[in-house]
Amino acid sequence: MTDVLIVGGGVIGLLLAKDLVQRSVTVKLVEQGEIGAEASWAGGGIVSPLYPWTYSDPITALASWAQNAYPELAQELKGATGVDPEFNPCGLLMLDPPEKDRIVDWADSNQKQFGVLNRSTTLQKEPALEKKFSEAVWWPQIGNIRNPRLLQSLVVYLQGQRLCSLEPHSRVTGIQRLDSGRVQVSTPSKTLSADKVVVCAGAWAGDLLAGMGIDVAIQPVKGQMMVFEPRPGLINSIILHEGRYLIPRLDGRIVVGSTLEHTGYDKTTTNEARDSLLEKACELVPALRSVPVEAHWAGLRPGAPHGIPYIGSLPGWDNVFVNAGHFRNGLVLAPASVRLMTNILLGEEPIVDPSPYHPLSPRPSGEMF
Ligand SMILES: Cc1cc2nc3c(=O)[nH]c(=O)nc-3n(C[C@H](O)[C@H](O)[C@H](O)COP(=O)(O)OP(=O)(O)OC[C@H]3O[C@@H](n4cnc5c(N)ncnc54)[C@H](O)[C@@H]3O)c2cc1C
């Protein structure tokens, strides 16, 4: 019976562990810090790319599969663990979106529902909005997931699985081939081995793989976020304007994001970002001026060119795989990304064509975004 070692305990590693134990595979997950405490915890949990028509087909293929899977996944985890990941099918309202002329074609060819709302219809839907926009595009099928709870429910789920062991505070420093065909993984305190190893190390994956002579273009991209204390009913949908967004949680908290900063592995928060997020939030919804900010934090997105994750076997390493580089969309893509990884690991029929995600597949050149 195959055993798999997963490096990294974010949403990708944890969901992959769940998928594998459900197929009777023995899994050990090794995490350098606390489990579920990095990008997957820090993110906003919007279950969609921000302006989805601006992304390439490989992103749309994974996102569409995962969007269909999320409501059931949340129900399954709630039922199995008692921890509700709080999937909120709230819809998303884009105020004056860019490149609006591309939306119709994209939505038609990907079977997505949308509507164009004038200002007064938009204000009927969201009365607390400031009136500085001319129209909005409404996406009723987009929701959000409360990602810290999703991670918590996955941990509780996996802790209850006989086939799974979770090992926090254990940093993988090297990966080597063994003559037996198995793979050895080194940490500062011990060595472990497995039939197959999957690197789900998020923003750190590029450095870990570079140590194995593999070049994948993954780099950390800092994002800062804030959350307001609960004000149930103040907004009902996700509101997006000029790249900044407000996300309503089911308990009335409102999450605001986010910045995009290329500052290496630095995760410090700054007053500048706090002021900028606060200003945008209050410009959109002036009533937020009187709502206290509960928390402000930063996380490191695993930035890959054009946000296309690397999913597949590593060149020259038969039994070592990667599933990393989901950039701004790791939460929405996760269920599909790990199912594809499972398909590849177990030789199953893939849910989507795996070729665009293979580490050797050429990535589009140019800016990441
Ligand atoms: C501010 C912000 C907002 C975001 N908003 C959204 C959103 O609304 N929707 C969306 O879909 N996505 C969003 N994202 C992106 C999403 O959070 C990420 O793409 C996703 O969480 C990546 O998951 P991951 O498991 O690959 O990475 P991570 O959650 O970072 O997990 C990787 C783990 O690997 C561990 N690790 C690394 N190296 C080693 C090693 N050598 N040994 C052992 N362990 C190691 C790390 O400690 C970490 O815990 C956002 C991200 C940020 C930062």
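Quick note: structure is the one above.
Everything quoted here is computed from the prediction, not taken from an experiment.

### Re the sheet that holds strand 15 (residues 293-303)
And step 1. Spatial ordering of the open sheet is given by 4-5-3-12-13-14-11-15, a layout of eight strands whose pairing is mixed. Of all strands in the sheet, those bounded by a partner on one side alone are strand 4 (115-118) and strand 15. Strand-to-strand, the axes of this sheet are offset by a mean angle of 20°, without reference to chain direction.
And step 2. Alignment of strand 11 (residues 219-228) against strand 15, held across ten bridges, turns out to be antiparallel. Within strand 15, the position partnered with P220 by the bridge is P302.
And step 3. Against the sheet, helix 8 (residues 271-284) touches strand 3 (92-95), strand 11, strand 12 (238-241), strand 13 (244-248), strand 14 (254-257) and strand 15, its axis set at about 50° to strand 11.

### Some details on the side chain of N329
And step 1. Of note, N329 is situated in the loop between strand 17 (317-324) and helix 9 (330-346).
And step 2. With sequence-adjacent residues up to four places away left out, N329 is seen in contact with S48, P49, L50, Y55 and I59.

### Here's the deal with the site of the ligand
And step 1. The ligand sits among 36 residues. The nearest are E31, S40, I46, F327 and V332.
And step 2. In this structure, a nitrogen atom belonging to the ligand sits 2.9 Å away from a main-chain N or O atom of V172.
And step 3. When the ligand is considered free in solution it has 1,000 Å² of accessible area, and contact with the protein chains removes 98% of it.
And step 4. Counting residues per element, the ones that place at least two in the shell around the ligand are helix 1 (11-21), helix 2 (39-42), strand 11, strand 15 and helix 9.
And step 5. Of the residues contributing to the shell around the ligand, the split by class is 16 nonpolar, 15 polar and five charged.

### Topic: the state of the cysteines
Linking two cysteines covalently through their sulfur atoms gives a disulfide.
And step 1. A complete count under the given rule lists zero disulfides for this structure.
And step 2. C90 carries a free sulfur, and the closest cysteine sulfur to it, the one in C282, is 20 Å from it.
And step 3. Note on C164: no disulfide assigned, nearest cysteine sulfur contributed by C200 at a separation of 12 Å.

### A short note on the packing of helix 3 (residues 57-81) against helix 9
And step 1. Two elements in contact, helix 3 and helix 9, have axes separated by 7 Å at closest approach and are oriented at 95°. Considering their axes alone, helix 3 and helix 9 lie roughly perpendicular with respect to each other. Of the residues in helix 9, those touching helix 3 at I59, L62, A63, W65, A66, Q67, A69, Y70 and L73 are L331, V332, L333, P335, A336, S337 and R339.

### Focus on empty space enclosed by the protein
Using a probe with the size of a water molecule, rolled over the atoms, empty space left in the structure can be pinpointed.
And step 1. Under the definition given, this model contains one cavity of 30 Å³ or more.
And step 2. Taken as a whole, the largest cavity holds about 50 Å³ of empty space.
And step 3. What lines the largest cavity is simply L95, E130, K132, F133, H241, E283 and L284.
And step 4. Of the residues belonging to the lining of the largest cavity, the class tally is three nonpolar, one polar and three charged.

### Quick notes on the pattern of salt bridges
And step 1. Evaluation of the coordinates by the stated rule reveals 21 salt bridges.
And step 2. Between K18 and E76 there is a salt bridge; the shortest N-O distance is 3.1 Å. Pair noted here: K18 is in helix 1 and E76 is in helix 3, with a separation of 58 residues, a long-range link.
And step 3. Looking at K18, the relative accessible area reads 4%, which means it is buried.
And step 4. Among the salt bridges present, the one from D195 reaches R182, with a minimum N-O distance of 3.0 Å. Residue D195 is found in the loop between strand 9 (191-194) and strand 10 (196-199), and its partner R182 is found in the loop between strand 7 (174-177) and strand 8 (183-186); the two are separated by 13 residues along the sequence.
And step 5. Classification of R182 by relative accessible area gives partly exposed; the value is 25%.
And step 6. Several salt bridges converge on common partners, so that one network encompasses E86, R146, R149, D251, R253 and E294.

What counts, and where the lines are drawn
Residues numbered from 1 in each chain as written. Predicted model: local features only at pLDDT ≥ 70, side-chain atom pairs only at ≥ 80, totals over all residues. Heavy atoms only, no water. Pairing = 2+ DSSP bridges. Helix = DSSP H or I, 4+ residues; strand = E, 2+ residues; numbered from the N terminus. Axes fitted to C-alpha atoms, helices over the stretch in contact; angles between N-to-C directions. Contact = heavy atoms within 4.5 Å. Near = heavy atom within 4 Å. Polar contact = N/O pair within 3.5 Å; in protein donor to acceptor, adjacent residues only side chain to side chain. Areas by Shrake-Rupley, 256 points an atom, 1.4 Å probe, with all protein chains shown as cover. Nonpolar A, V, L, I, M, F, W, Y, C, P; charged D, E, K, R; others polar. Disulfide = S-S within 2.5 Å. Parallel < 35°, antiparallel > 145°, perpendicular 65-115°, else oblique. 1 Å grid on protein atoms, 1.4 Å probe; cavity = no way out; pocket = protein on both sides within 12 Å on 5 of 7 lines; lining within 4 Å. Points joined across faces, edges and corners; volume = space filled by probe spheres on them. Salt bridge = Lys/Arg side-chain N within 4 Å of Asp/Glu carboxyl O. Buried < 20%, exposed > 50% of the residue type's maximum accessible area, 1.4 Å probe, protein only.

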